[in-house]
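# Per-entry structural report
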Amino acid sequence: MAVRGRRGKLMLVTGGSGFLGRHLTTGHASDRWELIAPSSSSMDVTRRGSTIDAITDWKPAAVVHLAYRKGERQSIVGGSRHVAEAAATCGARLIHMSTDVIFSGRAAPYTEADRPFPTIDYGRDKRDAEDAVMLACPTAVMIRTSLLYGTGQLGHVQLDVQRALSTGSGRRPMTFFTDEYRCPVHAADVANAIAELATRPDIVGPLNVAGPDALSRFDFARATATWMGQDPNRILTGTIAESGLVRPARIVLDTTKAKALGITCRSVSESYGLK
């Protein structure tokens, strides 16, 4: 169980050892807070009773729920419900992390008012988690974000690029879709948004926090390769249609509401210093 002492109020973070969790717990975003990040072994969010007992015992001022195990509905939906119930019980400010794939994809950007309509299992689980959270803790804020990347440490999408650029023999070539668009966002910017929203109990419900540009997986991979000092022309292209996969093609999050609150995120080119 990671604990970081500060003079501020207590913030409890689930999933603190994950990519976004590390940006939150080890970066400057949470400087105003005393932090506790229970490990999954010390607090299994799928166990309702122990989760509620643990969180209410700590009595945090804010709870940030990042933990989940992809492909495990009980972890995503049940775990989110249990954390929300605990936050409501002890009166903590709850920040719940959601995703853009609760949407099916379309040409127009999605606002917070759009009804989720997921087409993949993970998106359905995260939509149901949102519903469970808002039912248990109506004062929660749900951050909907996109592909996370970093510059001090690499996110999953960047590790894919790194693997694609490796020259190991017998490795199956990895392709990056030219027809799948997202709004990549630096994890440190999302961590800053979390810390800000923890102090803003007036903001409830969904909030889009994502990068300002819609990039295809291919364009993001090329930018990442360039940032890594590699030849972007080595990045191979593909399409969703050619892959035979079922997944949303274009999900662009409208961040007008977040910007009006002073919450902004850098573009990939800014983060990578490519301008």
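The paragraphs below set out a description of the structure included in this document. (Residues numbered from 1 in each chain as written. Predicted model: local features only at pLDDT ≥ 70, side-chain atom pairs only at ≥ 80, totals over all residues. Heavy atoms only, no water.)

### With respect to the pairing of strand β3 (residues 34–37)
Both strand β2 (residues 10–14) and β3 contribute to a ladder of 3 bridges, which runs parallel. Residue pairing across strands places Leu10 opposite Glu34, the latter belonging to β3. Regarding the hand of the β-α-β motif, the stretch spanning β2, helix α1 (residues 19–26) and β3 is right-handed. (Pairing = 2+ DSSP bridges. Helix = DSSP H or I, 4+ residues; strand = E, 2+ residues; numbered from the N terminus. Right-handed = clockwise from strand over helix to strand, strands pointing away.)

### Some words on the side chain of Thr51
The topology assignment puts Thr51 in helix α2 (residues 48–58). For Thr51, a relative accessible area of 0% gives the class buried. Of note is the side chain of Thr51, whose polar atom sits 3.0 Å from the backbone oxygen of Asp44. Not counting residues up to four positions away in its chain, the partners in contact with Thr51 are Met43, Asp44, Val45, His82, Val83 and Ala86. (Buried < 20%, exposed > 50% of the residue type's maximum accessible area, 1.4 Å probe, protein only. Polar contact = N/O pair within 3.5 Å; in protein donor to acceptor, adjacent residues only side chain to side chain. Contact = heavy atoms within 4.5 Å.)

### With respect to helix α4 (residues 121–136)
End to end, α4 covers 22 Å across 16 residues, agreeing with the expected 22 Å (1.5 Å per residue, within 8%). Along α4, the residues that are buried comprise Tyr122, Gly123, Asp125, Lys126, Asp128, Ala129, Glu130, Ala132 and Val133. (Expected span 1.5 Å × (residues − 1).)

### Quick look at α2
Within α2, burial applies to Thr51, Ile52, Ile55 and Thr56. Within α2, the buried residues cover an arc of 115 degrees as seen down the axis, which keeps them to one side. Positive backbone phi, at 50 degrees, marks Lys59, one or two positions downstream of α2. (Arc of directions from axis to C-beta.)

### Re the side chain of Ser146
Mapped onto the fold, Ser146 is located in the loop between β6 (141–145) and β7 (148–149). Among the polar contacts listed, one links the side chain of Ser146 to the side chain of Asp100, at a separation of 2.8 Å. Side-chain polar atoms of Ser146 contact the backbone nitrogen of Cys183, separated by 3.0 Å. In contact with Ser146, not counting residues within four places along its chain, are Asp100, Arg182, Cys183, Pro184, Val185, Val209, Ala210 and Leu253.

### Quick look at the packing of aromatic side chains
Applying the stated rule across the entire model yields 6 aromatic pairs. Seen from their ring centres, Trp227 and Tyr272 are 4.7 Å apart, and the 10 degrees between their planes marks the pair as stacked. Within this pair, whereas Trp227 is found in helix α7 (residues 217–227), its partner Tyr272 is found in helix α10 (residues 268–272), the two being separated by 45 residues in sequence. For Tyr272, a relative accessible area of 6% puts it in the buried group. These aromatic residues form a ring-pair network of at least three members: Tyr149, Phe220, Trp227 and Tyr272. Over the aromatic face of Tyr122 sits the side chain of Lys70, whose NZ or CZ is 4.7 Å from the ring centroid. Against the face of Tyr110 rests Arg106, its NZ or CZ located 4.2 Å from the ring centre. (Phe/Tyr/Trp six-rings, centres within 6.5 Å; stacked < 30°, edge-to-face > 60°. Lys NZ or Arg CZ within 6 Å of the ring centre and 35° of its normal.)

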